Amino acid sequence: MSEKVLMRGTHVVAEAAVRAGCRFYAGYPITPQNELPEYMSDAMARLEDGTFIQAESELAAINMVIGASIAGARAMTSSSSPGISLKQEGFSFLAAQELPAVIVNIMRGSPGLGNIAPSQGDYFQATRGGGHGDYRSIVLAPASGQEMADLTRKAFDYADRYRIPVMILADGMMGQMMEPVLLPESIDPRKLPPKPWILNGAKGRPSRVIKSLLLDPSVEEAHNWKLVRKHEMIGREISDAETDLMDDARIAVIAYGTAARIAKGAIKRVRETGLKVGLLRPVTLWPFPEKVFRGLDESVENFLVFEMSTGQMLEDVKLSLAGRGEVHFYGRPGGPIPTPDEVAKVISRLYHRQKL
Amino acid sequence: MAKLVFKRPKTLKQVISHYCPGCGHGIIHRLIAEVIEDLDIGEKTIGVPPAGCAVLAYNYIDVDMAEAAHGRATAVATGIKRILPDRIVFAYQGDGDMAAIGTAETIHAANRGENITCIFVNNGVYGMTGGQMAPTTILGQLSTTTPGGRDMARDGGPLDLSEMLALTSGSVYIERTAVNSPKNVRRTKKAIAKAFKSQMANRGFSLVEILSPCPTNWKMSPVDSHRWIDKVAASVFPLRVIKDKTEES
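Residues numbered from 1 in each chain as written. Chains lettered and ligands numbered in written order. Predicted model: local features only at pLDDT ≥ 70, side-chain atom pairs only at ≥ 80, totals over all residues. Heavy atoms only, no water.

1. A few points about the pairing of strand 5 (residues 101-107) of chain A
Residues and elements named next belong to chain A.
Okay, step 1: Of all seven residues making up strand 5, seven are buried, and the element is well covered by its neighbours.
Okay, step 2: In strand 5, alternate side chains face the same way, and those of Ala 101, Ile 103, Asn 105 and Met 107 on one face and Val 102, Val 104 and Ile 106 on the other are all buried.
Okay, step 3: Both strand 4 (residues 74-79) and strand 5 contribute to a ladder of four bridges, which runs parallel. For Ser 79, the partnering residue across the bridge sits in strand 5 and is Asn 105.
Okay, step 4: In terms of handedness, the path from strand 4 via helix 4 (residues 81-96) over to strand 5 forms a crossover that is right-handed.
Okay, step 5: The sheet contact formed by strand 5 and strand 7 (residues 165-171) spans seven bridges and is parallel. Counted as the bridge partner of Ala 101 is Pro 165 from strand 7. (Buried < 20%, exposed > 50% of the residue type's maximum accessible area, 1.4 Å probe, protein only. Helix = DSSP H or I, 4+ residues; strand = E, 2+ residues; numbered from the N terminus. Pairing = 2+ DSSP bridges. Right-handed = clockwise from strand over helix to strand, strands pointing away.)

See below:
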């Protein structure tokens, strides 16, 4: 049954995962996402068929998830930026072997150890696949408690449907923030569609091999092109973005996740002073919602990309706009949380400078 | 009429071996296939081969198999076994895979008492990459990265991973054997069978370390390789039951 609760973001993802039929979680402690594994340790213990493992490393955790996925379970791991770097090897194997899995990255200030404050510095890492090789992973960017729940459900569904790793890319702010959330109904994982590719012992059928070693370059090439065709299908089917107040907008602010929440507050403020500004918020960071950009009214000629980084999504925005209009950038990397007032001033200055 | 004294186990595919002449992997593959057949577990066994020469184990052993990244086989096996606790799950790893890049995964799988079986093939070198020093290369042994022989001061000594694993509370059965003589091959088969049976009885972590010849990278004839295991390798890595708690409840 659906129910409305007040929960912090990390708990929302954990509970939504359980309700999506996740029965395997492995992870390693790292701030600011520790409440997620802590919640899973309790939730999995309450289930007859749930497994929680506190792994010895991030590497071990992602490889345990690979094993659980091979055996047919809905499986998840979570971490924060430095820990995600360690898991990248596993993302590449998941992609190569076409295994479903859900990975949560609650980003923190980086590079290196950085700090434990919210940041959006892992955009490139996430949207370019994450590990070695020629592939992509689905990346979903929640901007509210409710989306932490809804996109977690979608993450598991997409992972199974396309046999691909799916990352939920949030940050310390999304993880810690408490909001009222309508939790989705529980799925019984035994009632999910069967997966005819899993390994469960070759009973009454030929044995199966799940592998990524393709020694013949022409076979590896064919496999790479097969993944590309899958990626193109995913791009057609799931790319998603929210637009807000764009009907009369002269400036489109482009932001995702926490930055989009801050941008909404900023846009509200500048609207009160009569400025015509709207928001375009990518929900899927990969596939990037290019169609939404191409569908924008010709009258919008100024785009302000706002990220809690030095400008990473900025490149995808420029690619999507393909030379159209002027693209501006405002960023705060490393952990500080910009205020709506601060961003409102940036928008306002730009508005007047461009004589809009 | 002639009496049938030896046949190919049906779990072993009838294919031409890609292993070098004198390599021990082929013998070990056959022993695993024989044990799977003897225990009648071919329809419920899942194997995890390593990165290394034996990555192609699935070309020979006819059960469900999933490749793991270098060093991660016990972590992958852990995930499979936890989801399917009534299946028989084994990891097949070389010395570089298990005792260098995968040390952490191996020790912690043993310490958690994961109910899986490891086949740990110790040939003292990185075979597939061309014979570099392994964690198990013995002092003085030549390799492509120890051209003057492994040196204690520069490289440290060979790692006794099996003895280390025996110290963990979750390991129940650890034995070191070899495949350099008919007698040792038979002992190895017995050890593999005991490890699988221990897993079937839900005892916990089991491992068979097998000293195995690599004539190509040792730059010896197969016969000399077999002698070298007896004379040199087994003096550093003694063939013995290192831990056996399979009888304890």
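2. So, the packing of helix 2 (residues 73-83) of chain B against helix 4 (residues 103-111) of chain B
Residue and element names in this part refer to chain B.
Okay, step 1: One way to put it is that helix 2 packs onto helix 4 with a least axis distance of 7 Å and a crossing angle of 40 degrees. In this view, helix 2 runs oblique relative to helix 4, as classed from their interaxial angle. When helix 2 is examined against helix 4, the residues Thr 74, Ala 75 and Thr 78 are found in contact with a partner set consisting of Glu 105, Thr 106 and Ala 109.
Okay, step 2: Grouping the constituent residues of the contact of helix 2 with helix 4 by class yields two nonpolar, three polar and one charged. (Axes fitted to C-alpha atoms, helices over the stretch in contact; angles between N-to-C directions. Parallel < 35°, antiparallel > 145°, perpendicular 65-115°, else oblique. Contact = heavy atoms within 4.5 Å. Nonpolar A, V, L, I, M, F, W, Y, C, P; charged D, E, K, R; others polar.)

3. Comments concerning the interface of chain A and chain B
Okay, step 1: Of the residues lining the interface, 34 residues belong to chain A; the matching set on chain B comes to 31 residues.
Okay, step 2: Here chain A and chain B share an interface that buries about 2,500 Å² over both sides, 60% of which is from carbon and sulfur atoms.
Okay, step 3: Applying the counting rule to chain A against chain B returns four salt bridges.
Okay, step 4: A salt bridge links Arg112(B) to Glu56(A), with the shortest nitrogen-to-oxygen separation between them at 2.9 Å.
Okay, step 5: Run the count over chain A and chain B and you get 15 residue pairs in polar contact (both at pLDDT 80 or more).
Okay, step 6: Ranked by residue count, the leading element in the side of chain A that touches chain B is helix 3 (residues 58-70) of chain A, at eight residues.
Okay, step 7: A class-by-class count of the residues in the side of chain A that touches chain B yields 18 nonpolar, 10 polar and six charged.
Okay, step 8: Looking at chain direction, strand 9 (residues 209-210) of chain A and strand 2 (residues 64-66) of chain B are connected through two bridges and run parallel. Pairing of Ile210(A) across the sheet is with Ala66(B), part of strand 2 of chain B. (Buried area = accessible area lost by both parts, 1.4 Å probe. Salt bridge = Lys/Arg side-chain N within 4 Å of Asp/Glu carboxyl O. Polar contact = N/O pair within 3.5 Å; in protein donor to acceptor, adjacent residues only side chain to side chain.)

4. Re the sheet that holds strand 2 (residues 22-27) of chain A
Adjacent strands of a sheet pair through backbone hydrogen bonds, lying either parallel or antiparallel.
All names here are of chain A.
Okay, step 1: The seven strands are arranged 3-2-4-5-7-6-13 in an open sheet whose pairing can be described as mixed. Among the strands making up the open sheet, the edge pair consists of strand 3 (51-54) and strand 13 (284-286). Within this sheet the neighbouring strands show an average axis-to-axis angle of 20 degrees, counted without direction.
Okay, step 2: Direction of pairing for strand 6 (residues 138-140) relative to strand 7: parallel, over a ladder of three bridges. Paired with Val 139 across the strands is Met 167, a residue of strand 7.
Okay, step 3: Docked against the sheet, helix 4 engages strand 4, strand 5 and strand 7, running at close to 160 degrees with respect to strand 5.
Okay, step 4: Against the sheet, helix 6 (residues 145-162) touches strand 2, strand 4, strand 5, strand 6 and strand 7, its axis set at about 160 degrees to strand 7.

5. Description of the side chain of Thr117(B)
All names here are of chain B.
Okay, step 1: Here Thr 117 shows up in strand 4 (residues 117-122).
Okay, step 2: Residue classification places Thr 117 among the buried residues on the basis of a relative accessible area of 0%.
Okay, step 3: For Thr 117, the side chain forms a polar contact with the side chain of Gln 199, separated by 2.9 Å.
Okay, step 4: Among all residues touching Thr 117, those that are not within four sequence positions of it are Val 89, Phe 90, Ala 91, Ala 195, Phe 196, Gln 199 and Ser 206.

6. Comments concerning the environment of Leu207(B)
Residues and elements named next belong to chain B.
Okay, step 1: Inspection of the secondary structure assignment puts Leu 207 in strand 8 (residues 205-211).
Okay, step 2: Take Leu 207: its relative accessible area is 0%, and that puts it in the buried class.
Okay, step 3: The contact partners of Leu 207, leaving out residues within four places of it in the chain, are Met 98, Cys 118, Phe 120, Ser 162, Leu 165, Tyr 173, Ile 174 and Glu 175.

7. Observations regarding the environment of Ile61(B)
Residue and element names in this part refer to chain B.
Okay, step 1: Checked against the element boundaries, Ile 61 lands in the loop between strand 1 (45-48) and strand 2.
Okay, step 2: Assessed through its relative accessible area of 0%, Ile 61 is described here as buried.
Okay, step 3: Considered as a pair, Ile 61 and Asp 160 are 99 residues apart in the sequence and their alpha carbons are 28 Å apart.
Okay, step 4: When near neighbours in sequence (up to four residues on either side) are disregarded, Ile 61 contacts Thr 11, Lys 13, His 29, Ile 32 and Ile 36.

8. A few points about the domain arrangement of chain A
Residue and element names in this part refer to chain A.
Okay, step 1: The domain architecture assigned to chain A consists of domain 1 (3-238) and domain 2 (241-353).
Okay, step 2: Taken together, the contact pairs 35 residues of domain 1 with 25 residues of domain 2.
Okay, step 3: Carbon and sulfur atoms supply 54% of the area buried between domain 1 and domain 2, which totals about 2,500 Å² over both sides.
Okay, step 4: Ranking the residues of domain 1 by area buried against domain 2 places Gln 120, Tyr 123 and Phe 124 at the top, with a combined share of 29%.
Okay, step 5: Summed over the shared surface of domain 1 and domain 2, the number is 15 residue pairs in polar contact (both at pLDDT 80 or more). (Domains from an automatic or database assignment.)

9. Some words on the environment of Ala202(A)
Okay, step 1: The topology assignment puts Ala202(A) in the loop between strand 8 (178-183) and strand 9.
Okay, step 2: Sequence spacing of Ala202(A) and Pro287(A) is 85 residues, and the spatial spacing of their C-alpha atoms is 36 Å.
Okay, step 3: Not counting the four nearest positions on each side in its chain, Ala202(A) is found in contact with Ser207(A), Gly42(B), Glu43(B) and Asp64(B).

10. Remarks on the side chain of Asn63(A)
Okay, step 1: Within the secondary structure layout, Asn63(A) lies in helix 3.
Okay, step 2: Residue Asn63(A) is classed as buried on the basis of its relative accessible area of 1%.
Okay, step 3: Sequence-distant contacts of Asn63(A), defined by excluding residues within four places in its chain, comprise Glu89(A), Ala69(B), Arg72(B), Ala75(B) and Val76(B).

11. Examining the nonpolar core
As a rule of thumb, soluble globular proteins bury nonpolar side chains together.
Okay, step 1: In this structure, Met40(A), Ile70(A), Met76(A), Ile138(A), Ile254(A), Met313(A) and Ile80(B) are the most contacted members of the largest nonpolar core, which totals 120 residues.
Okay, step 2: Built from parts of two domains, this core gets at least three residues from each of domain 1 (3-238) and domain 2 (241-353) of chain A.
Okay, step 3: Residues contacting Met76(A), with those up to four places away along its chain left out, are Val13(A), Ala17(A), Cys22(A), Phe24(A), Tyr25(A), Ala26(A), Leu36(A), Met40(A), Val65(A), Val102(A), Val104(A) and Phe156(A).
Okay, step 4: Core analysis: the next-biggest nonpolar cluster, separate from the first, contains 35 residues, Ile32(B), Ile41(B), Val55(B) and Met65(B) among them. (Core = buried A, V, L, I, M, F, W, Y, C linked by side-chain atoms within 4.5 Å.)

12. Side note on the pairing of strand 2 of chain A
Along any regular strand, the residues point their side chains to alternate faces of the sheet.
Residues and elements named next belong to chain A.
Okay, step 1: With six of six residues buried, strand 2 is to be regarded as a mostly interior element.
Okay, step 2: Sheet topology note: the strand 2/strand 4 ladder contains three bridges and is parallel. The residue of strand 4 that forms the bridge with Tyr 25 is Met 76.
Okay, step 3: Crossover connection from strand 2 via helix 2 (residues 35-46) to parallel strand 3: handedness right-handed.

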